[in-house]
Amino acid sequence: MTEPTPKTRKDLAAVLIAKAWENESFRQELLSHPKDAIAKIIGTKLAENLKIRVVQETPKNLYLVLPVKPGNT
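Computed from a prediction, not measured in an experiment: that's the story for all the values here. (Residues numbered from 1 in each chain as written. Predicted model: local features only at pLDDT ≥ 70, side-chain atom pairs only at ≥ 80, totals over all residues. Heavy atoms only, no water.)

J.: Help me understand the packing of aromatic side chains in this model?
T.: Aromatic rings in a pair are described by how distant their centres are and how their planes are angled relative to each other. Overall, the coordinates contain zero aromatic pairs when judged by the stated rule. A cation over a ring is seen here: K19 above F26, with NZ or CZ 5.4 Å from the ring centre. (Phe/Tyr/Trp six-rings, centres within 6.5 Å; stacked < 30°, edge-to-face > 60°. Lys NZ or Arg CZ within 6 Å of the ring centre and 35° of its normal.)

The structure is reproduced here in structure tokens:
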């Protein structure tokens, strides 16, 4: 049985993080080819003009992402 496709950005992030923590090869693919890795999870190809950057936090580096303001999409 396959997992359902994540419905929200928060759900997708949770799925990606869990899979990256449990599967080293997926983590590497997510870091080096994020669009391909994400497309496999959601089951569809992502737009060519969409840019995705995946960074990995370390004990000394913490990242905060400010999402697009609602209404600006």
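Read on, since the account is not over.
J.: What is the right way to read the side chain of R27 from this model?
T.: With respect to the helices and strands, the residue R27 is situated in helix α2 (residues 24-32). There is a polar contact of 2.6 Å between the side chain of R27 and the side chain of E24. The contact partners of R27, leaving out residues within four places of it in the chain, are A20 and Q56. (Helix = DSSP H or I, 4+ residues; strand = E, 2+ residues; numbered from the N terminus. Polar contact = N/O pair within 3.5 Å; in protein donor to acceptor, adjacent residues only side chain to side chain. Contact = heavy atoms within 4.5 Å.)

J.: What is the right way to look at the packing of α2 against helix α3 (residues 34-42) in this model?
T.: Two packed helices can be described by the angle between their axes and the distance between those axes. At a minimum axis distance of 5 Å, the contact between α2 and α3 shows a crossing angle of 125°. Here α3 runs oblique to α2, going by the angle between their axes. Side by side, α2 and α3 meet where F26, E29, L30, L31 and S32 of the first sit next to P34, D36, A37, I38, K40 and I41 of the second. (Axes fitted to C-alpha atoms, helices over the stretch in contact; angles between N-to-C directions. Parallel < 35°, antiparallel > 145°, perpendicular 65-115°, else oblique.)

J.: Would you explain the nonpolar core in this entry?
T.: What tends to happen in soluble globular proteins is that the nonpolar side chains get buried as a cluster. L12, L16, A20, F26, L30, A37, I38 and L46 together form the largest nonpolar core, which totals eight residues. When residues of this core are assigned to their parent elements, the largest contribution, three residues, is made by helix α1 (residues 9-22). With residues near it in sequence (within four places) discarded, L16 still touches F26, L30, I38 and I41. (Core = buried A, V, L, I, M, F, W, Y, C linked by side-chain atoms within 4.5 Å. Buried < 20%, exposed > 50% of the residue type's maximum accessible area, 1.4 Å probe, protein only.)

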